[in-house]
Amino acid sequence: MSKAPVEDSQAAGPQEACEASSQRRGWGLMVTAGVGGTLVALYAVVTPFVTPALRRVCLPFVPATSTQIQNVLKMLENRSGSLVDIGSGDGRIVIAAAKRGFKAVGYELNPWLVWYSRYRAWRDGVHQNTKFYISDLWKVSFSNYTNVVIFGVPQMMPQLKKKLEEELECNARIIACRFPFPSWIPDHTTGEGIDTVWAYDLKRSRRHETKTLEVTPETEF
């Protein structure tokens, strides 16, 4: 009669061990799934920010200050037509221009910033006058715009200057923020420090370059 409890205990031992092992496997799967999901989410969030930096010319996202926005708007006074912001970030320049009556478009590589820009435009009631596109600036034609805003970096300005000269009409105005175009003389300048804004009327810039070429003396050998 005393052997029955021993047999029950011996039978319960393997069963409990099996249940414990199954529980450990279950926790292991949950941890693996959690870590994997976190890595996927992190990749989805970080990739749009990192990918632009891997391109030939990096155009990092640095939000425009309120002073920079006001200086850009000052350069747009008495101007009309369409406007494009190259590297539009979170859309604040495009939205500010739309509030002044411009049909404004922004091009940005980061999809998260584009979606956020669309939301901000809708929130501010100017979504009908704004458009935001996920696109590489080097693959877009700017021939339809008469006002161009660019928050550039020094290494991209010479190549961008060539692209804009080839695509824009002579009545276009180009507004550069933070960094000027090195070989153009600005027609208007406002602000100081990082808030400095330079405006170039393409017709005058082309005329100045032509005159410079005409007066450059030939080198004798």
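The coordinates are above.
Structural notes, computed from the coordinates. Computed from a predicted structure; not experimentally measured. (Residues numbered from 1 in each chain as written. Predicted model: local features only at pLDDT ≥ 70, side-chain atom pairs only at ≥ 80, totals over all residues. Heavy atoms only, no water.)

## Focus: helix 4 (residues 111–123)
The following threshold applies: Each helix corresponds to a stretch of at least 4 residues labelled H or I by DSSP, and each strand to a stretch of at least 2 residues labelled E; elements are numbered beginning at the N terminus. Take the number of residues in a helix, subtract one, and multiply by 1.5 Å to get its expected span. Think of it in three bands: with a 1.4 Å probe and only protein chains considered, a residue is buried below 20% of the maximum accessible area for its type, exposed above 50%, and partly exposed in between. Each polar contact in these results corresponds to two N or O atoms within 3.5 Å; when the atoms are within protein, one needs to be able to donate a hydrogen and the other to accept it, and residues that are neighboring in sequence are counted only if both atoms are side-chain atoms.
Between its terminal C-alpha atoms helix 4 stretches 18 Å, which fits the 18 Å expected from 13 residues at 1.5 Å a residue. Of the positions making up helix 4, those classed as buried are P111, L113, V114, S117, R120 and A121. For helix 4, the N-terminal cap is N110; the gap from its side-chain oxygen to the backbone nitrogen of W112 is 2.9 Å. Within two residues after helix 4, G125 carries a phi angle of roughly 75 degrees, on the positive side.

## Description of the packing of helix 2 (residues 66–75) against helix 3 (residues 92–99)
Inclusion rule: Here an axis means a line fitted to C-alpha atoms, over the contact stretch when the element is a helix, while the angle between two N-to-C directions is reported on a 0 to 180 degree scale. Angle categories are assigned with fixed cut-offs, so that under 35 degrees is roughly parallel, over 145 is roughly antiparallel, 65 to 115 is roughly perpendicular, and the rest are oblique. By convention the crossing between two helices is left-handed if the near helix lies anticlockwise of the far one by an angle smaller than a right angle, and right-handed if it lies clockwise. Should any heavy atoms of two residues lie within 4.5 Å, those residues are considered in contact. When residues are grouped by polarity, Ala, Val, Leu, Ile, Met, Phe, Trp, Tyr, Cys and Pro land in nonpolar, Asp, Glu, Lys and Arg in charged, and all others, Gly among them, in polar.
At a minimum axis separation of 10 Å, helix 2 and helix 3 run at an interaxial angle of 45 degrees. On the basis of the axis angle, helix 2 is oblique to helix 3. Considering the relative orientation of helix 2 and helix 3, their crossing is right-handed. For the pair formed by helix 2 and helix 3, the contact residues are I69, V72 and L73 on the first element and R92, I93, A96 and A97 on the second. Among the residues forming the contact of helix 2 with helix 3, the class breakdown is six nonpolar, no polar and one charged.

## What about helix 2?
The set of residues buried in helix 2 consists of Q68, I69, N71, V72, L73 and M75. Packing partners of the buried residues in helix 2 comprise helix 3, strand 4 (147–151), strand 5 (173–177), strand 6 (188–190) and strand 7 (197–201).

## Here's the deal with unusual backbone geometry
Most peptide bonds take the trans configuration, and most residues that are not glycine carry a negative phi. A positive phi angle is found at N78, which is not glycine, with a value near 65 degrees. Tracing the sequence through the fold places N78 in the loop between helix 2 and strand 1 (82–86). Of the residues examined, N78 reaches a relative accessible area of 85% and is grouped as exposed. Its identity as a non-glycine residue notwithstanding, R178 has a phi of 75 degrees, on the positive side.

## Focus: the sheet that holds strand 2 (residues 103–108)
Quick reminder of the rule: Two strands make a pair as long as DSSP finds a minimum of two bridges between them.
Overall, mixed pairing links the seven strands, which are arranged 3-2-1-4-5-7-6 in an open sheet. Edge positions in the open sheet fall to strand 3 (130–134) and strand 6, since each of these has one partner strand only. Pairwise comparison of adjacent strand axes, ignoring direction, gives a mean angle of 15 degrees for this sheet. Bridge analysis of strand 6 against strand 7 gives three bridges, and the strand direction is antiparallel. Each residue of the ladder has a partner; that of H188, found in strand 7, is A199. Strands strand 1, strand 2, strand 3 and strand 4 of the sheet are contacted by helix 3, whose axis makes an angle of about 175 degrees with strand 2.

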